[in-house]
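Examination of the molecular architecture
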Amino acid sequence: MSAAPVLKVEHLTMRFGGLTAVSELSFDAGRREITALIGPNGAGKTTLFNCITGFYKPTVGRLLLTHSDGETFLLERLPEFRIAKEARVARTFQNVRLFAGMTLLENLIVAQHNKLMAASGFTVLGLLGSPSYARTERSAIDKARYWLDRVGLTDRADDPAGALPYGAQRRLEVARAMCTDPVLLCLDEPAAGLNNRESAELNGFLRAIRDEHGISILLIEHDMGVVMEISDRIVVLDYGIKIADGAPAEVRNDPSVIAAYLGVSDEEALTPQAERM
Amino acid sequence: MEYFVQQLINGITLGSIYGLIAIGYTMVYGIIGMINFAHGDIFMVGAFLSLIAFLVLVAFGITAVPLALLIVLLVSMALTALYGWTVERIAYRPLRHSFRLAPLISAIGMSIVLQNYVQIAQGARVKPLPPLVQGGYTLFEGNNFAVRLSNIQIIVVVSTILLMAGFSYVVARTRLGRNMRACEQDLKMAALVGINVDRTISLTFVIGAALAAVAGLMFLLYYGVVDFFIGFLAGVKAFTAAVLGGIGSLPGAMIGGILIGLIETMWSAYFSIEYKDVAAFAILIIVLIFLPTGLLGRPEVEKV
Amino acid sequence: MSDPSPTPSADHPAGERDDLLAALKEAVVAAAIAFGLFALLIGIRTEQGPSGALVIVTRFGALAGFVAAAFVGRFIFAIARHRFTVPANFIVLPAIRKSAAAFSPYFALALLIFALLVPILFYRNNYLLDLAILIVTYIMLGFGLNIVVGLAGLLDLGYVAFYAVGAYSYALIAQDFGLSFWVCLPLAGIFAAFAGLLLGFPVLRLRGDYLAIVTLGFGEIIRLVLLNWQNLTGGPNGISGIPRPSFFGLPFNSSAHGFAATFGLHYSPTHRVVFLYYLILALALVTNWVTLRLRRLPIGRAWEALREDEIACRALGINTTTTKLTAFAMGAMFGGFAGAFFATRQSFISPESFTFSESALVLAIVVLGGMGSQLGVVLAATVMLGGFELFREFDQYRMLVFGAAMVAIVIYRPRGLVATRTPSVSLRQRKDIPADIVRGARTESPA
């Protein structure tokens, strides 16, 4: 079991023409921990996610992912699908990206594509009806059913994903990401649009993923209730620069964090945001 | 050298005609995201309308060329614009909120309708017109080759420049242009701020058709012959030009048109005339490999 | 179908007069527009005069007729609109949708049985047999394009290129190497698949509309190359004398070793036609079976996921490049098979058979059938080609009506005849998904 952090971000800089979205960002995401990324809108959080998951190519910097068996991956060099497939980094999107015209079950089966593809002998064996493929497909359906149960969507397994209400769509996206057996799960605002009860359920769900399945989680979130409740570590960004990095208690009281969010004078800065909720 | 300059002149003239048609494609694509497959046939209709208008004027005894040209231009633009408007109303507006491929199929159907309509109404044979605009200037000579700039070529290029300038002005400065740009950015929002989206879209089609009519008239004068099938090839090439220049970009359409005209002329002059169309497509494919959104197209940084 | 609910204006003469005036106004406008549209193109006809130059012939009668028709038609339409409220389509459609879903398996089975019996039912009628062969050929082309456009959502406007590559490679191999149909057929398919890969590579990064024009260009390039590469393809003269099909070695002629003689039958040229029919039917059925199987395999699901959201696919570890290339190659291969069949059936091929109109027709079949639906392809091909043949006497007007019908059908049912998608796997109950939720082939990437 490797002691190294699951993800090491080193001097990451992302420039779009004249605009610098992320500048000299370095932090570690701990293994089997929940690391939260917070910051005002436009701070560069989703950009960071896109760099980690290979949708953007960083201008400068290194993204080192380490599996528990010690195998390492340089994420800045890999195309997105290989990051997902080999480095096993899964993600959800700010604007939910489901396969709307396919059922919930199909969405989760597609997530297990690579495993099924190999079992079908790149289609050839599958076409011929090989029993080993049938077995792999059945286990894929079982895994899908497991995650549907965990997010409470089993009843709607055969409904089109596009027909789900917003909150359910977000939960399905997380379930779909889990079906890829990730080592690192990147969630982009999973609590957006959830009410208090649903946020509490989400908290429980994320903690369970971390504890029962040993998955490391990287989380972008604006909901401070969720963030303070479940994070093991918080990284704060503002204008693409890291302004704080530590345990929730430290970050909560950090004046620069408060200033970044609220931009007020020192007197008012004393009441932590989380308690006001 | 002299030969090259001549091809340059010819290529730019042909390219201007393509550019005028390409503008129609790029505008419609920019505003409602559809490939108006029938646009090439609108160009063909414009050419036919010009032809018939000329013959009618001659029958009425109006033979003074400048006057006849002016009347034909106005009549052709107006009536072709009417065709553009009608096609949009009948075949595209009902599908505006439908899924992407539906208007495309409708456009293909409309293209078939227009081609056959003209074929039935006017007969399938090629229609010649005696050259109306004659003469030109010999620019310079050398190597036994005289570089000629004909009057019709001047007319084509000058009209194109004027129309481009006028149209750019409309898009940049007038209310209509603003409305069009707003609709291009976000159709729903434009409707919410009170822009009459239906009318703006109709006007886009109308203007595109009018420009195609001018191209049709120019084509008629330049080549002296029209038939019901010219719409397809010119349309495909003009659409190629629009994509090459970056679809949605007005200057891109013109540049793309000129480029395609030049490629076609140069290729047939220096290599082989049979493969000139292949050359145009091949260049397009090569450009798109390196610039997936065309020359002046907005580079797509897809929001993830 | 419309629900007559008389408006209150029937009781108020003033209101009724207003209706009439409004309708009159609409009719006048329609007539004016009709006049503008038709004055020059219909009112006047250009013809070749005695000296070769064009002369004008007036047809004001026809023009008046059209304008009058527009006036009257619009007037009636406007009146009817005031009198009756036409319910939106959704009263009619769900009923059709439900019954379609219920009938589907039986309907498909019935169609299959009918298809198998066609040669027996129409044995005496060569014309109908030929028509049947034509329809099934286009059904097969539709199945092939369905993989690219319907499943993977890649807008291919140049599908005829693979049809052509299949036909020409079959012709050349069969002629030059004298191999049997069963050897040349897969070879033709391989050539076509290769062409599919060739097309696939440059278009990998392109958005929907750019993809469309490049594929169209590709189709045209193939046609122009076939037209001009005289040494290889015979140019505009095409290739003739392509070996006719034989019944596994037994030729379809009246000789003693012929098919008829071997089976103790009276020789008849219809034998070959029937054989050709069953051949193309078999090919189409194989294509159908393969497609249905592939839909349930990871590659098929990946195609459909690609259509729905390419970025999500990449985020799940799917190699979208190979997925797209496989779609192109598979679709092209089936097109190539159809082309090979075409070559052996016609015994003569030329570039004229492989124009953009063919690509457009096959695309229309796929879209009007209902994207991704095999049954839809069958229905659309039958309706469109059968309908086209039915109007044979109308000659010139046929194409015009065909185009107009295309427009009308797509406006009435934009999602196609079979507007549902059947999921490839289900937990408890397979429920069809209405087509409006399904993403069609896109011409614009999501913001």
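Residues numbered from 1 in each chain as written. Chains lettered and ligands numbered in written order. Predicted model: local features only at pLDDT ≥ 70, side-chain atom pairs only at ≥ 80, totals over all residues. Heavy atoms only, no water.

Glancing now at the overall build of chain A. Helix and strand counts for chain A come out as twelve helices and ten strands. Compactness check: chain A gives a C-alpha radius of gyration of 20 Å against a globular reference of 19 Å for 277 residues, within 12% of the reference. Taking the principal axes of its C-alpha atoms as reference, chain A extends roughly 70 × 40 × 40 Å. Looking at chain A residue by residue over its 277 residues, the buried ones come to 57%. Of the contacts formed within chain A by residues at least 6 apart in sequence, a portion of 66% connects residues at least 24 apart. (Helix = DSSP H or I, 4+ residues; strand = E, 2+ residues; numbered from the N terminus. Rg over C-alpha atoms; globule rule 2.2 N^0.38 Å. Buried < 20%, exposed > 50% of the residue type's maximum accessible area, 1.4 Å probe, protein only. Contact = heavy atoms within 4.5 Å.)

Across its full length, chain B holds eleven helices and four strands. Taken over the C-alpha trace, chain B has a radius of gyration of 19 Å; the compact-globule value for 304 residues is 19 Å, and the two agree within 12%. Structurally, chain B occupies a C-alpha span of about 65 × 50 × 35 Å along its principal axes. By residue count, 60% of the 304 residues in chain B fall in the buried class. Summarising the internal contacts of chain B: among those between residues at least 6 apart in sequence, 75% fall at separations of at least 24. Of note, chain B has its 17 positive side-chain charges centred 12 Å away from the centre of its 13 negative side-chain charges. (Lys, Arg positive; Asp, Glu negative; His and termini not counted. Charge placed at Lys NZ, Arg CZ, Asp CG, Glu CD.)

Time to look at the pattern of salt bridges. A complete count under the given rule lists 38 salt bridges over all chains for this structure. Salt-bridge contacts for A:Arg145 lead to A:Asp142; the nearest nitrogen and oxygen are separated by 3.3 Å. Here A:Arg145 and its partner A:Asp142 are both found in helix H6 (residues 131–150), three residues apart, which amounts to about one turn of the helix. Under the relative-accessibility criterion, A:Asp142 is labelled partly exposed at 42%. Salt bridges linked by common partners bring A:Glu106, C:Arg295, C:Glu304, C:Arg307, C:Glu308 and C:Arg421 together as one network. (Salt bridge = Lys/Arg side-chain N within 4 Å of Asp/Glu carboxyl O.)

A separate point is helix H14 (residues 356–369) of chain C. The first and last C-alpha atoms of H14(C) sit 20 Å apart over 14 residues, in line with the 20 Å expected at 1.5 Å per residue. The buried count for H14(C) comes to 13 of 14 residues, which makes it a mostly enclosed element. (Expected span 1.5 Å × (residues − 1).)

Looking now at the domain arrangement of chain A. Residue and element names in this part refer to chain A. By the assigned domains, chain A splits into domain 1 (1–88 + 202–277) and domain 2 (100–181). The partner domain 2 presents eight residues to the eight residues of domain 1 that form the contact. Approximately 720 Å² of surface area, both sides summed, lies buried where domain 1 meets domain 2, with 65% of it carried by carbon and sulfur atoms. Inspection of the region where domain 1 meets domain 2 yields one salt bridge. The partner of Glu212 in a salt bridge is Arg150, with the nearest N and O atoms 3.2 Å apart. (Domains from an automatic or database assignment. Buried area = accessible area lost by both parts, 1.4 Å probe.)

Here the focus is the sheet that holds strand E2 (residues 19–29) of chain A. Residue and element names in this part refer to chain A. With antiparallel pairing, the four strands of this open sheet are ordered in space as E2-E1-E4-E5. Looking at which strands have only one partner, the edges of the open sheet turn out to be E2 and strand E5 (72–74). Each adjacent strand pair in this sheet contributes to an overall mean axis angle of 20°, direction not counted. Pairing analysis gives seven bridges linking strand E1 (residues 7–16) to E2, with the strands arranged antiparallel. Residue Leu7 lies in a different strand from E2, and its bridge partner there is Ala29. On top of the sheet, helix H1 (residues 45–52) reaches E1, E2 and strand E4 (60–66); it is set at about 115° to E1, its chief contact. (Pairing = 2+ DSSP bridges. Axes fitted to C-alpha atoms, helices over the stretch in contact; angles between N-to-C directions.)

Within the secondary structure, A:Arg176 is located in helix H7 (residues 166–178). Buried and unpaired, A:Arg176 has A:Glu173 as its nearest opposite-charge partner, separated by 4.0 Å. A distance of 3.5 Å separates the side chain of A:Arg176 from the side chain of A:Asn107, its partner in a polar contact. Among residues more than four places away in sequence, those in contact with A:Arg176 are A:Arg97, A:Leu98, A:Phe99, A:Asn107, A:Leu108, A:Ala111, C:Ala312 and C:Leu316. (Polar contact = N/O pair within 3.5 Å; in protein donor to acceptor, adjacent residues only side chain to side chain.)

Excluding glycine, residues mostly have negative phi values, and the peptide bonds linking residues are mostly trans. At A:Arg32, a residue that is not glycine, the phi angle is positive and equals roughly 55°. Among the secondary structure elements, A:Arg32 is positioned in the loop between E2 and strand E3 (34–38). Phi at C:Ser347 is positive, roughly 70°, even though this residue is not glycine. Along the chain, the position of C:Ser347 falls in the loop between helix H13 (320–346) and strand E6 (348–349). What makes C:Ser347 buried here is its relative accessible area of 13%.

Moving on, we get to empty space enclosed by the protein. According to the stated counting rule, one finds seven cavities of 30 Å³ or more in the structure shown. Of all the secondary structure elements, the ones that give two or more residues to the lining of the second largest cavity are helix H2 (39–59) and helix H9 (230–245) of chain B together with helix H7 (208–228) of chain C. When grouped by side-chain class, the residues that make up the lining of the second largest cavity number eight nonpolar, four polar and one charged. (1 Å grid on protein atoms, 1.4 Å probe; cavity = no way out; pocket = protein on both sides within 12 Å on 5 of 7 lines; lining within 4 Å. Points joined across faces, edges and corners; volume = space filled by probe spheres on them. Nonpolar A, V, L, I, M, F, W, Y, C, P; charged D, E, K, R; others polar.)

With 21 residues, helix H10 (residues 250–270) of chain B should cover 30 Å at 1.5 Å per step; its first-to-last C-alpha distance of 30 Å lies within 8% of that length. Its side-chain oxygen placed 3.0 Å from the backbone nitrogen of B:Gly252, B:Ser249 serves as the N-cap of H10(B).

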